[in-house]
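# Coordinates in review
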Amino acid sequence: MADTTKVSVPIPPADAQKFHTGCKYCIVGCGYNVYKWPLGKDGGRAANRNALGADLTKPNTQSWISPSMHGVVKDADGSSYNVAIVPDNDCVVNSGLHSVRGGTMGLSVYREDAPTRDRLKHPTIVHHGSQEATWDDAVALVGGVTKALLDKHGPDSIGVKFADHGGQGGGYEFTWATGKFFYASVRTTMATVHNRPTVFGEPMASRDMGIPELNIAYEDAEIADTIVIFGANPYADQTNYFFNHMIPNLQGSTADKKRAAYPGKTPLAQGRMIVVDPRRTITVAAARTAAGNENVLFLQVTPGTDVTLWNAVARVVLEHHWDDASFVRDHVEESSVGSYHDSVGLNRAAGSVLADAERVTGVPRADIVRAAEWIAKPMSGGHKPATLFHYEKGAIWSIQNYDVIASYVNLAVLTGNLGKPGTGCARLGGHQEGYVRPDYPGKRPGVYVEKLLAEGKGPMLWWVLACNPIQTAPAARTVLDVIQQRGKKVSDALDQGGSIDDRVKRVVASVEDGGLFVVAEDIYPTQVVQHAHVVFPAATQFELNMTSINGERRMRLYQKFMDPPGTAKPDWQIMALVANFIRDAYVREGNHEMAERFAGYDWKSDADVFLDASRVSAQARSTNPATEQAKAPNAITTTGPAGGTSPVSSLPPTSKPTFDPEDISFLDHEYLRGLGNNGIQVPVNVSNGKRSGTVRFFTDGKFNRPNGKATFIPAHQPELPAEIAAQKRKYKYLINNGRFNMMWQTGYESWRKPIVADRWGDREDTFLELNPSDAKTLGVQSGDVLRVHNDYASTQAIAYVTDAVKPGQPFMLFAQPKKGTAGFLVTPHVDPKTNIPSYKLTYANIERVAGKPSSFAHVTFKDLENLG
Amino acid sequence: MAVSRLRFLSASGAATASLVAGAAQTPTIAEGATALPRVAVGKAKAFQVGKPVAFHYPDAQAPALAVKIGHKVDGGVGPEGDIVAYSQLCVHRGCPVSYNAGARTFVCPCHYSVYDPERSGQLVIGHATTNLPRITLAYDPGSDEIRATGVQGLIFGRFDNGKLS
Ligand code: SF4
Ligand code: FES
């Protein structure tokens, strides 16, 4: 029983074990304390008899353990423990706040008597269905096929789709081990990351401008005069950044911080917020409630017209000379200024630019002007406002990713809102980060592997790690079809059984005959896992020591406090097993060159993997002439055992312009353990043997390009891509999609939380927000089952009627499993400059197929985007 | 999966069943939890639609709100089966929720969690990790008295609803 029927939780005793961890889920990376104690050894109510140090004879308002924060775990030795995973009041990120995601981590631990019981526990190999296998056999089969294909067909016969992030399903240990295997050992270019058909970043335009995308501190949201939220919904998706840092500013309670940051400047009594979204989100409602309508500007933009909007705002800024001319003169590539001015229509009358913009974007021209004023018009006293620019998937996954991002970041450059307190231009982020990999052997924009696979080309082995392309790929239905159809040949080959050597040979023959060998490494039986030929069960956060950074690059160690289920192992260990198998095979053949390529995996612990990665970071920094402060990477001695020999010297030279924003030089697990939940903001510098973090970027006026200058990238309004236009001609509704606060990413774990399953009728259905006028036309009420279909697929959804969406522009939950996969409806279009898909924009028809399912009888359908 | 986990539980062994109009409710006491008192909330006829009535349950440190929704709802009591009650303490960080009569929701002023009193206190949107704890009610038609009889869910700040001292 998880929820309302639970009327007590056990009290952690004073001698409970205590651990630190960041939240598993979103980019904010809230700090949590974990208490672990044996079943039946509960603490007492007196302050000295419980681990919270709280007098529990009174209501405990400071460190309450809700029933969803509590779980029961069993260690490998069979002993059972209570665990409580409680938000940390002393963590500067969240100050004790939790969201519905992080606050329910107690429900997420593996236990035999809960919905998490189906965690993957042992490797499997297909033999008339998936059969449990030994690690030796699974490693020998995958290692054997990998080596055979590498020898015969070269590195690009091995494909990988893998997470590139921090938090659950990631971390520096994960990205390093997997990156080392596929980029430095296998050396494949057939790689794409968890949510897109490329390995390159989502805001490549920003990076090209010299502005790495995580350049701010969360404190900047407390200091800014204006916060711009573009294509993001932080109430729901970056919850405690919003509530612990933005909302206090909007309410006027951070004036002290503003005065301290800008002595002599009269700050606004309350911060202002501009929200740009096709949908009137809960963020708009919350900001209006906190700040008053007069301090919130909501621009309900027509999807796909963002470039026009931002160029028009820039045109207004230039018209009134609100740009920061001295910043542009000193810090911006001079040659880029003229073409940028042209692109925003400086050679045309501002009035005509605005009239066009109003027509294209659907945003009233007065609001465009007001946005320009809030962003850049000097305030009383003559000071320019400090404006903090944020964006996320609504910007990233629109049409023509590169231009959309450029048009927005240009505005931050134009107004000089970079490198100062309360300013910056940063993505808000989805998952946490933690990227350290050898350089990818291919070229930008990367290889659209999913498309090649659908065409019967591409890799012969596809290794899917910690992600699920059936839910998160453009035209995702084709991924499922490929895995099923091309995978069948390999299943047939494996059904014949035989020794591992025989099976390796049969698999190789079947993939040479057009089959696809699918290897999955995951924690739950996702759809990909269900279709994979070999499955490696992975350990996950809580079950290993791992490191991640949040949206302000705050690096923490997330401690291990429980064992993984069955024989599941950390991903780095799985990579090492396979690499060592391949290395040994080459050694036996006397092929020393290849044996050397697969060497360097003799890590003994999580900390070893981190050290190996940290050394690479330090080496990249010390060989980079632009980073003065890092000339002495051995200024401090890192602790712990040395890692294996890393093939660093054989890697291609770094392509990073001047610094790596996720650099982990000078860090190790032990040092991070001592820093607890506040950690340190990377990159870390050392002076006089003392380490210090980087609060925000560009404070020295240096941007991440070889000459230290930022650059404008002119952006032009793209046409609707042909694939999307074709759907528009045939189908009536523009389908927007995105996230919902209760649901984390693909829902792989969320649906196993009773509070989530119950909220959504136990169906793993997505919902579809529909304007009341569309609902009337379609004869639909909230709760009805809908069929949503276009040329790519037919899927289903549950209707949720709300005027937060415009007529004709329903919004569907993205990346959800099974019954309703919005990704099925998305076209295969990607921005040719970046390979980033246009997930946010497709067209489909909608029909009502049935009334509200009985499992929804108890489910509320009150408005998700309103507070009234 | 957890089909009935969070739903309103129907009565079991209800001593008060014969007194109750509509569905009968008794406190749901999980094993090991403390039995809770019966506390008078008020006369049903004194309730006005949309005007919440404040009371405390199960003790003086536990503010609660009873509200007449205006139509029969799951778990509602009284002549119209439309009176329900919930802990007033938001199960996010304990701020007092207020009743929004227009939307028939409880809204928290601190971080804007929204709960639905027509659906067992279900979280509409927000940060709570459980539903808003429901105070179960019993109605005696003879005296028109509404009494609080128990709590479904754990009240914010507590380890056991009934054991503070
Ligand atoms: S806001 Fe993000 S990091 Fe914080 S508790 Fe929620 S999901 Fe976790
Ligand atoms: S205390 Fe109610 S939403 Fe935070």
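To start, this report covers the structure provided alongside it. (Residues numbered from 1 in each chain as written. Chains lettered and ligands numbered in written order. Predicted model: local features only at pLDDT ≥ 70, side-chain atom pairs only at ≥ 80, totals over all residues. Heavy atoms only, no water.)

### Here's the deal with the pattern of salt bridges
Between side chains of opposite charge, a pair can form as their charged atoms come close. All names here are of chain A. Considering all chains together, one arrives at 55 salt bridges over all chains under this definition. For Arg696, the salt bridge identified is with Asp220, shortest N-O distance 2.7 Å. Placement of Arg696 in the loop between β21 (690–692) and α24 (722–730) and of Asp220 in helix α4 (residues 220–223) is noted, with a sequence separation of 476 residues between them. Both residues of the pair, Arg696 and Asp220, count as buried. Taken together, the shared-partner salt bridges connect Asp164, Arg196, Glu202, Glu392, Lys393 and Arg427 into one network. (Salt bridge = Lys/Arg side-chain N within 4 Å of Asp/Glu carboxyl O. Helix = DSSP H or I, 4+ residues; strand = E, 2+ residues; numbered from the N terminus. Buried < 20%, exposed > 50% of the residue type's maximum accessible area, 1.4 Å probe, protein only.)

### Observations concerning unusual backbone geometry
Residue A:Pro683 is reached from A:Val682 by a cis peptide bond, and omega for that bond is -5 degrees. Position of A:Pro683 relative to the elements: it lies in the loop between β19 (680–681) and β20 (685–687). The linkage connecting B:Tyr57 with the following residue, B:Pro58, adopts the cis geometry, with an omega of 0 degrees. With respect to the secondary-structure elements, B:Pro58 resides in the loop between β2 (53–56) and β3 (63–68). A positive phi is found at A:Gln745, a non-glycine position, where the angle reads about 45 degrees. Residue placement: A:Gln745 occurs in the loop between β22 (733–738) and α25 (754–759). On the accessibility criterion, A:Gln745 (15% relative accessible area) is buried.

### Re the side chain of A:Thr802
Residues and elements named next belong to chain A. On the secondary structure map, Thr802 appears in the loop between β25 (794–801) and β26 (811–813). In terms of polar contacts, Thr802 uses its side chain to reach the backbone amide nitrogen of Ala804, at 3.0 Å. Setting aside chain neighbours within four positions, we find Thr802 in contact with Glu769, Leu770, Asn771, Pro772 and Asp863. (Polar contact = N/O pair within 3.5 Å; in protein donor to acceptor, adjacent residues only side chain to side chain. Contact = heavy atoms within 4.5 Å.)

### Quick notes on the interface of chain B and chain A
The interface of chain B with chain A comprises 50 residues on the first partner and 68 residues on the second. Interface area for chain B against chain A, summed over the two sides, is near 5000 Å², with a carbon-plus-sulfur share of 60%. Contact with chain A buries surface across chain B, with B:Tyr112, B:Thr129 and B:Phe159 losing the most and accounting together for 18% of the total. Linking chain B to chain A there are two salt bridges. (Buried area = accessible area lost by both parts, 1.4 Å probe.)

### A closer look at the sheet that holds strand β5 (residues 124–126) of chain A
Residues and elements named next belong to chain A. In space, the seven strands of this open sheet follow the order β6-β5-β16-β15-β14-β7-β8, with mixed pairing throughout. Looking along the sheet, the strands with just one partner apiece sit at the ends: β6 (130–132) and β8 (191–193). Between one strand axis and the next, the sheet turns through 15 degrees on average, direction left out of account. Running over the sheet, helix α20 (residues 571–589) touches β14 (461–465), β15 (517–522) and β16 (534–537) and is turned about 155 degrees from β14. (Pairing = 2+ DSSP bridges. Axes fitted to C-alpha atoms, helices over the stretch in contact; angles between N-to-C directions.)

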